[in-house]
Amino acid sequence: MPEAVIVAACRTAIGTSFKGSLTETPAADLTAAVVTEALTRSGLDPTLIDDVVLGEVLQGGGDLARYAALIAGLTAVPGLAQQRQCASGLAAVQTAAAGIRAGMDRAVIAGGAESPSTAPQLRRRVPGTQDWQDRWMPPSHPATADAPADDMSITVGWNTARIAGVSREEMDAWALRSHQRAIAAIDAGRFVQEVVPLKVRTGGGEEIVFDTDEHPRRGTSPEKLAALKPLHPEIPGFSITAGNSSGINDAAAALLLTSDRLAEQEGLRPLGVVRSWASVGVEPVRTGLAPVDAIGKALDRAGVRLQDVQLAEINEAFASVPVACCRALDLDPGIVNISGSGCSLGHPIAATGGRMITTLLNDLHILGGGIGVAALCAGGGMGSAVVIEAV
């Protein structure tokens, strides 16, 4: 069975939706930029690409992967839109690796894109009437009182904190560290290698080169985070705030995966190997704890022990998630999200999985290689994880 190796990985800088630098840049443009760049960086003959698989969640349908393939000049290459809620970008990488390991594909571009700033708004007819409900979103699961389908601050953030016993102070401390780590990574130039600079026009009409994540806040402090009001003050003890939640963000990420045989044949130097992956389902009320099961399953499939993991990425959909997952796994928080995550860098939903693997590979190489695991919880009671080894 061939191995699935990553020969190129890149992302855009992450914009803050509705008020940041990418508010006028559609998801299709973000996607085209990273797919083209991943192909260029790889040095692979474009005629050898078998497919493009990209996650997309809020874009209202269509197929960004095929759009990007055409922009990249890959006319003979199809495109697949992948949807697994927040884990869509990770699922795209899993799909690409599966096709390669099965011997059905030899080279696939995978990742994801999201642009809440430019996403269409869905409408649906109110049942039994001729009226239309504006700003409707398809539910991720059958709603219950303790796990509403339209408010993840309750379903994911608060339930995770409540079930795992994570305090407001612990969440705020994690969020603060996330911002500090993201700023440190930016200042040290650690993201330069993975970010694709974009020429964009801002909402104010200014043309700029956007190449630096803009969501991390340099002025974040324990006092400022502690002063933020809970998102649901009417719920006794509710401790989820805007400060210990992820941002709403625009970005795209793409990786080029090939078989190890093709990489050797074409003289390509792999950045890493996809060792295994796993996705799981849990009760929606336990969504934020789903990465625990996904990580355990993925590590078992790879034949890797948790103590063999050098670095981990656990998406900060809410700060309660990585805190609870580290506690449940007995995982050292010091090796988790060392360059920031959702609370600081942001969470461009379908792009996050690809962003996480790109950053994880980069950080592992800075440390000299080793094994890393990336995991996310996903709406509807799902979790997903990928184990990679930087080489």
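Refer to the preceding data block for the structure.
Since the structure is predicted, the reported quantities are computational estimates derived from the model, not experimental observations.

S.K.: Help me understand the environment of Cys343, please; the structure alone is not making it clear to me.
M.R.: Note on placement: Cys343 falls in the loop between α9 (320–329) and α10 (352–366). In sequence terms Cys343 and Glu223 are 120 residues apart; their C-alpha atoms lie 16 Å from each other. Residues contacting Cys343, with those up to four places away along its chain left out, are Ala175, Ser178, His179, His215, Asn244, Ser245, Ser246, Glu316 and Ala319.

S.K.: Could you clarify how one ought to interpret the state of the cysteines in this entry?
M.R.: Applying the stated rule across the entire model yields 0 disulfides. In this structure Cys326 is not part of a disulfide, and its nearest cysteine sulfur, from Cys325, lies 7.2 Å away. Owing to a relative accessible area of 5%, Cys326 belongs among the buried residues under this scheme.

S.K.: How should the pattern of salt bridges be read in this particular structure?
M.R.: For the structure shown, the criterion picks out 12 salt bridges. One salt bridge connects Asp213 with Arg11, and the closest N-O pair in it is separated by 2.8 Å. Of this pair, Asp213 sits in the loop between β9 (207–210) and α6 (222–227) while Arg11 sits in strand β1 (residues 4–11), and the two are 202 residues apart along the sequence. Across the pair, Arg11 and Asp213 agree in class, each one buried. The salt bridge partner of Glu207 is Arg201, with a shortest N-O separation of 2.6 Å. Look at Glu207 and you get exposed, because its relative accessible area is 60%. Arg201 sits in the partly exposed class, given a relative accessible area of 44%. When salt bridges with common partners are traced through the structure, they connect Glu3, Arg275 and Glu389 into a single cluster.

Reading guide: rules and limits
- Residues numbered from 1 in each chain as written.
- Predicted model: local features only at pLDDT ≥ 70, side-chain atom pairs only at ≥ 80, totals over all residues.
- Heavy atoms only, no water.
- Helix = DSSP H or I, 4+ residues; strand = E, 2+ residues; numbered from the N terminus.
- Contact = heavy atoms within 4.5 Å.
- Disulfide = S-S within 2.5 Å.
- Buried < 20%, exposed > 50% of the residue type's maximum accessible area, 1.4 Å probe, protein only.
- Salt bridge = Lys/Arg side-chain N within 4 Å of Asp/Glu carboxyl O.

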